[in-house]
Number of protein chains: 6
Amino acid sequence: MRLLIINPNTSENFTKSIQLAADAVKSPNTEVVCINPSAGPRSIESVYDELLSSGPCLELMISNRNKFDGFVIACYGHHPVITAAREMLHQPVIGIMEASLTLACLVGQKFSIITSEERAISLFEEGVRLYGLESRCASIRSTGTAVLALEGQNKNDVENLMLRESRKAIEQDGAEVISLGCAGMAGLDKRLSSELGVPVVDGVPAAVKLLEGLFSCGIQTSKQRAYSRLDMKEIVNLPAIFSEPYNQD
Amino acid sequence: MRLLIINPNTSENFTKSIQLAADAVKSPNTEVVCINPSAGPRSIESVYDELLSSGPCLELMISNRNKFDGFVIACYGHHPVITAAREMLHQPVIGIMEASLTLACLVGQKFSIITSEERAISLFEEGVRLYGLESRCASIRSTGTAVLALEGQNKNDVENLMLRESRKAIEQDGAEVISLGCAGMAGLDKRLSSELGVPVVDGVPAAVKLLEGLFSCGIQTSKQRAYSRLDMKEIVNLPAIFSEPYNQD
Amino acid sequence: MRLLIINPNTSENFTKSIQLAADAVKSPNTEVVCINPSAGPRSIESVYDELLSSGPCLELMISNRNKFDGFVIACYGHHPVITAAREMLHQPVIGIMEASLTLACLVGQKFSIITSEERAISLFEEGVRLYGLESRCASIRSTGTAVLALEGQNKNDVENLMLRESRKAIEQDGAEVISLGCAGMAGLDKRLSSELGVPVVDGVPAAVKLLEGLFSCGIQTSKQRAYSRLDMKEIVNLPAIFSEPYNQD
Amino acid sequence: MRLLIINPNTSENFTKSIQLAADAVKSPNTEVVCINPSAGPRSIESVYDELLSSGPCLELMISNRNKFDGFVIACYGHHPVITAAREMLHQPVIGIMEASLTLACLVGQKFSIITSEERAISLFEEGVRLYGLESRCASIRSTGTAVLALEGQNKNDVENLMLRESRKAIEQDGAEVISLGCAGMAGLDKRLSSELGVPVVDGVPAAVKLLEGLFSCGIQTSKQRAYSRLDMKEIVNLPAIFSEPYNQD
Amino acid sequence: MRLLIINPNTSENFTKSIQLAADAVKSPNTEVVCINPSAGPRSIESVYDELLSSGPCLELMISNRNKFDGFVIACYGHHPVITAAREMLHQPVIGIMEASLTLACLVGQKFSIITSEERAISLFEEGVRLYGLESRCASIRSTGTAVLALEGQNKNDVENLMLRESRKAIEQDGAEVISLGCAGMAGLDKRLSSELGVPVVDGVPAAVKLLEGLFSCGIQTSKQRAYSRLDMKEIVNLPAIFSEPYNQD
Amino acid sequence: MRLLIINPNTSENFTKSIQLAADAVKSPNTEVVCINPSAGPRSIESVYDELLSSGPCLELMISNRNKFDGFVIACYGHHPVITAAREMLHQPVIGIMEASLTLACLVGQKFSIITSEERAISLFEEGVRLYGLESRCASIRSTGTAVLALEGQNKNDVENLMLRESRKAIEQDGAEVISLGCAGMAGLDKRLSSELGVPVVDGVPAAVKLLEGLFSCGIQTSKQRAYSRLDMKEIVNLPAIFSEPYNQD
């Protein structure tokens, strides 16, 4: 099968580490392509950032919509492009927050999310609530660092902060599994897990394996109700590509 | 005070009827300006539509951000621009779904939402869940017509369909109050209410009065946590105006 | 429009400060009358207190029921007279807890309630649960002082205690907005807000503006189901005035 | 032990049938006294009715507070006197709705409440929500008759209506147990149960047995937090008896 | 009436103390027999332990099913034999966790469970969730000791640990009532209650009194839906006794 | 990797069709072994059935615990052996209900479960509640046939009943995805899906792919809290094999 992973921010460093994390787990006959839009914010830490990234991401999604069997939106959180993509496509679409929490719930009763930016906590609370996982969420904690710090030299420091917050989650909040709350953390799961002694779930490999699973089972996005196909509609003063999803059959 | 209402779709007919509905309830010393973006979909019935409208709406929001004391996003649903606007502004911002349900909850135990498009039901369920109002929601019903039908000749038919669904909501689902589930229904509240014998809440006037109330009480959007100010960030290949919210103090 | 605010306890000091807080925000053509019953407890801190105040409050409500366009029960909590008044009246009725939390939810994701008496915490938990706002409530904290201390000399001390608890709510519990959890705190909102840097919502002005809003929108209490009109009923050995609500049409 | 059952309405017919239902199940060494106030509404079907009955009930409660080991408020619903009584007493206090649902939950996964008045449905929904039993409640149905019809000749008709609604609850709503939703139905449980083939729980005997159980186990009302003792307080222009609960130690 | 209490572990010391706790509260004309299976784990602290105890407990249940009017499973937690017994019997069946929390909820708004083993916390969270009592549960705390320590010399130490955790529950978590979270704690309720000043509920006496109550009221387990009778079914290579429940009428 | 699927009932027909369904989706380098115990009930439709199957299943689990990298309990429902296996193993363990609902939630907002036996509805409600998926569950419907009918000639009839109930779920209840609520339905997913036009999720292939995914990601069951390792414990009069899980390191 062919998978497209869209890193919705414009950090190519992140795109590369996401590609690596995906390649490490994919099945031999799966091809994974990871790209990012050429326009948009360098990192995504607010709904405003999500919206700035949405137009460029949707363009990528539309122009690639017939070339892949499944799609990953590699931004931790309930990025609105996930839902929009489900509306426009028959193929399955997954975000890495949903993917990470989905696997986490299979190996423990309670998970904690460790993220970087403080403000992301509110965003993720909303996501947890939408997925109906309030009773499974022990806590959401942040290291208090900006997302882009994950790119820089002080990766060691960030890891230490993550270990510190993860330990608090385990010892004080009752977490049994840790969900890595940022695409920029892709690749850290193994090392953190062996330090902490609990499973640490990276949403990127989780999403790849879930899409492979859906594909093997022949399961596509339901076109009933929530994600039903987009009826023909007039749009004004927008690039023509944005009309295409309305024309699908 | 000065209020800006943004109708996020590009239907000027809707913009006009929203302006009328707002003017009918505003206080004498409130000035209400209602506009719509010049680009985007003609109506909003999916998350995809919401995202197509987001860029143009954000531009309007940014360029007007110092000229108004409060903002309304006149699209029924939890349109993501509402949250983004709260992140970028100190002034209060309200969507008409939240406004309508807020007033509905003050005059009855249970409300029903009557909307046009079937697919909107899923979107509104998500909104109700995010506001925490599941236990107050008797039902969400649709007339099964496209939003833009509300513009056309068959307004009478639409009204009859709405009366039919509202009566089912009252008699079968236990609704005590009806929330008009589409900005295109602005202005129908009085007539439907007198037919049905229960309060019918239009989100446009509701939003105007709630913003006037917040203004009089001196209450602005909290900059703590969820809607905290947007830190400086690099964006790539987007119009310069989108950098402005990051520069605010 | 004409609004009646009933302070259900017998503290005239509270009645005066409530009147001041209401007058400060009302629209020019709104008339606000604030009264308290001549019988009952000096403050309300338990369900027992609520019930002692109910008879006298209902008498005031009944005798004024044709003279006003809206009613406020100025006691923080889900005072049972609020529901009884909605049953007997077509005009809207609001309690100040509901009013305060309603506005708080428009400017932040999470609120905390700061009250005086420890025992009120249980009462308010029940109110929050009835309104369906559990997921929006960061915490309910008390200063550990009696309500009537708010009348006395040590107002400064009380304010300091409130600042201390509010800061804990913001820093430890994740509150973004503070709701003043006692009618006796009316008038403190501005000062606390400027100290704390987050919105502080006083339920008295909030209720005044919400009633003005409902009035402008022509929205009255639903007579369907929960607050349906009171059918004729025989009562025994009670003052005749209490029969009047059963006779309404 | 000595139990006082207060029927909070002024229907002596109801008081008698409650006494009979209680005597039929009490242990040999339990003494049950069932009384009703001499003032108040003839039946209780609204919060307004509850409040009219509260003063007279509290007087009975206060004057008898040292003479009994447990108290029942024999009104189906979350009558506010239940909470007030728990605040003023060390002895346990139970309402018949809580008692009925408590036993119902021990013999089935899902219960339905069958009541008489349509408007009671809203009241009972609130009670179910406060007890946290939403997930156990299959439905609340009414026969659409006034409570006092239960006193009259057409008892047979009422029983038939109850059978009809109970069968709908069992067949359509998934009820496994029926809770009799009105004190006026006391004594019907056995007959309905043998007709329906499912347990039917009358709250009056349920409350008697639960109080006997608490008494045998030496369990009294907690004086921590929610029902903590009432501190000394000044009341104005009310009968002196209402000051007594504040003076307890 | 005749009650059978099954202690599902093989600790005879526990069986004896359970018998004592039950005899201390039973009515004069109730006969209580407390037994334990001759096979299985010495204590129950995991689902694995629960399952090892299930076969032997079911055998006891089946062979005694016509000799008793009610059954107690004296293991704190939602032991699966409780549900299985309800499926096979008309008589009521109660577990001591459900019994304890049922009485606790009648005398306080919030309870805490104090147990011994840390791992039991997860099990009890699941039970609380199934009973729908999340909003009534202040906390679940453990003393960090193995269950069987409750048998040994250091009973004093265990009591001190329980007092310490109970005080934290009351002072930090808002508990108003303590539920003894282990059958091995039977008999400690009075002493702990007098030390702590709040009700302490032991599930064993609670279950005895609840069964007496159900019996007096003539309430049996519903055979509708969840606990409906077991249809004839073939089983393979299991002792013949396990076929008997399928043959009942 | 090597996967063991345990069909916990003793129907070899089911075991064979489960093996087929698993083989159809497994990756080339996955080996799947599907077995059933030689003792126990022929089908599982109650908690009693679950418990009869538990001993034999645990024996299989224990004797195979070092030979496989992941385990499936192929019984729809929250079979208690799933939790017990997680306690005793480091390798991941999945039940087919959890697996099916996990994939269903990725391709639609709302699922319905279609099962055979009426009584299973209650069991599955409990499972849905434990997974926290109440808000995602449109309905649980049964065809009203015994599980073993799925083995027999009238497979066509069963399929027709399933289509009928699935259509009701889609049209009346709002289902977007169908979850096959019985292991005996393994293999029907494709045919039903093409008839219904919505995804139909069979838990057997879903579980296989989820375990492959967890394995590829290196994620094992958390040994923190809920599924922590089983401390040494004495058992009495049970086969020695049941002591082995206590001895693991």
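Residues numbered from 1 in each chain as written. Chains lettered and ligands numbered in written order. Predicted model: local features only at pLDDT ≥ 70, side-chain atom pairs only at ≥ 80, totals over all residues.

**Q** I would appreciate a short explanation of the overall build of chain A in the present structure.
**A** Secondary structure assignment for chain A yields eight helices and ten strands. Computed over the C-alpha atoms, the radius of gyration of chain A is 18 Å, within 12% of the 18 Å expected from 2.2 N^0.38 for a compact globule of 249 residues. Principal-axis analysis of the C-alpha atoms gives chain A an extent of 55 × 35 × 35 Å. Expressed as a percentage of the 249 residues in chain A, the buried residues total 63%. (Helix = DSSP H or I, 4+ residues; strand = E, 2+ residues; numbered from the N terminus. Rg over C-alpha atoms; globule rule 2.2 N^0.38 Å. Buried ≥ 20, exposed ≤ 12 C-beta atoms within 10 Å, placed from the backbone.)

**Q** How should the pairing of strand 8 (residues 177-180) of chain A be read in this particular structure?
**A** Side-chain positions along a regular strand alternate between the two faces of the sheet. Residue and element names in this part refer to chain A. Where burial is concerned, the two faces of strand 8 agree: the one with Val-177 and Ser-179 and the one with Ile-178 and Leu-180 are both buried. Pairing between strand 6 (residues 111-115) and strand 8: four bridges, direction parallel. Note on strand 8: the bridge partner recorded for Phe-111 is Val-177. Bridge analysis of strand 8 against strand 9 (residues 200-201) gives two bridges, and the strand direction is parallel. Residue pairing for strand 9: Ile-178 is matched across the bridge by Val-200. In terms of handedness, the path from strand 8 via helix 7 (residues 189-196) over to strand 9 forms a crossover that is right-handed. (Pairing = 2+ DSSP bridges. Right-handed = clockwise from strand over helix to strand, strands pointing away.)

**Q** How should I be thinking about the domain arrangement of chain A in this particular structure?
**A** Residue and element names in this part refer to chain A. Considered domain by domain, chain A is made up of domain 1 (2-95 + 205-247) and domain 2 (97-203). Taken residue by residue, the interface counts 23 residues in domain 1 and 27 residues in domain 2. The set of elements that each furnish at least two residues to the side of domain 1 that touches domain 2 consists of helix 1 (12-23), strand 5 (93-95) and helix 8 (203-217). Considering each element in turn, the side of domain 1 that touches domain 2 owes the most residues, six residues, to helix 1. Each residue belonging to the side of domain 1 that touches domain 2 can be placed in one class, and the counts come to twelve nonpolar, nine polar and two charged. (Domains from an automatic or database assignment. Contact = placed C-beta atoms within 7 Å. Nonpolar A, V, L, I, M, F, W, Y, C, P; charged D, E, K, R; others polar.)

**Q** Got a minute to help me understand the relation of the copies chain F and chain A in this structure?
**A** Of the two same-sequence chains, chain F is brought onto chain A (RMSD 0.0 Å, axial shift 0.0 Å) by a rotation of 180 degrees. Such a combination of turn and shift is consistent with a two-fold rotation axis. For chain F, the smallest separation between a C-alpha atom and the rotation axis is recorded for F:Gly132, amounting to 2.9 Å. (Least-squares fit on C-alpha atoms with pLDDT ≥ 70 in both.)

**Q** Looking at this structure, I do not really get helix 8 (residues 203-217) of chain F. What am I missing?
**A** Think of an α-helix as 3.6 residues a turn; residues three or four steps apart then line up on the same face. Residue and element names in this part refer to chain F. In a regular helix each residue adds 1.5 Å, so 15 residues correspond to 21 Å; helix 8 covers 21 Å between its end C-alpha atoms and thus fits that length. Of all 15 residues in helix 8, 14 are buried, a share of seventy percent or more. Count one or two residues on from helix 8 and you reach Gly-218, which has phi positive near 70 degrees. (Expected span 1.5 Å × (residues − 1).)

**Q** Please clarify how helix 3 (residues 80-88) of chain A should be interpreted in this entry.
**A** Most of helix 3 of chain A is tucked away, with nine of its nine residues classed as buried. Among all positions in helix 3 of chain A, only A:Pro80, A:Val81, A:Ile82, A:Thr83, A:Ala84, A:Ala85, A:Arg86, A:Glu87 and A:Met88 are buried. Packed against the buried residues of helix 3 of chain A are helix 2 (47-63), strand 4 (70-73) and strand 5 of chain A together with helix 2 (47-63) and helix 3 (80-88) of chain B.

**Q** Quick question: what am I supposed to make of the interface of chain F and chain A here?
**A** Reports often express the size of an interface as the amount of accessible area lost when the parts come together. Between chain F and chain A, the contact holds 41 residues from the first and 41 residues from the second. Element by element, the count of residues in the side of chain F that touches chain A is highest for helix 8 of chain F, at nine residues. Its residues assigned to classes, the side of chain F that touches chain A shows 20 nonpolar, 14 polar and seven charged.

**Q** Explain the nonpolar core here, please?
**A** Soluble globular proteins: nonpolar side chains tend toward being buried together. By size, the foremost hydrophobic cluster in this structure holds 167 residues, and its most contacted members are B:Val72, B:Val204 and C:Val72. Filtering out sequence-adjacent residues up to four positions away, B:Val72 remains in contact with B:Leu3, B:Ile5, B:Ile6, B:Ile94, B:Ile96, B:Ala207 and B:Leu211. (Core = buried A, V, L, I, M, F, W, Y, C linked by C-beta atoms within 7 Å.)

**Q** Sorry if this is basic, but what is going on with the sheet that holds strand 5 of chain A here?
**A** Two orientations exist for strands paired in a sheet by backbone hydrogen bonds: parallel and antiparallel. Residue and element names in this part refer to chain A. With parallel pairing, the four strands of this open sheet are ordered in space as 2-1-4-5. Sheet topology places strand 2 (31-35) and strand 5 at the edges, where each strand pairs with a single neighbour. With strand direction ignored, the average angle separating the axes of adjacent strands in the sheet is 20 degrees. Bridging between strand 4 and strand 5 involves three bridges; their strand directions are parallel. For Phe-71, the partnering residue across the bridge sits in strand 5 and is Val-93. (Axes fitted to C-alpha atoms, helices over the stretch in contact; angles between N-to-C directions.)

**Q** How should I be thinking about the confidence of the model for chain A in this particular structure?
**A** In low-pLDDT regions, the fine details of the predicted coordinates are not to be read closely. For chain A, the average pLDDT comes to 94, and 97% of its residues sit at 70 or higher. Confidence metrics for the complex model read pTM 0.96 and ipTM 0.96. (pLDDT = per-residue confidence, 0-100.)

**Q** I would appreciate a short explanation of unusual backbone geometry in the present structure.
**A** With glycine set apart, most residues show a phi of negative sign, and most peptide bonds adopt trans. Residues and elements named next belong to chain B. Positive phi outside glycine occurs at Asn-237, with the angle close to 60 degrees. By secondary structure assignment, the location of Asn-237 is in the segment after strand 10 (235-236). Looking at Asn-237, the number of C-beta atoms within 10 Å reads 10, which means it is exposed.

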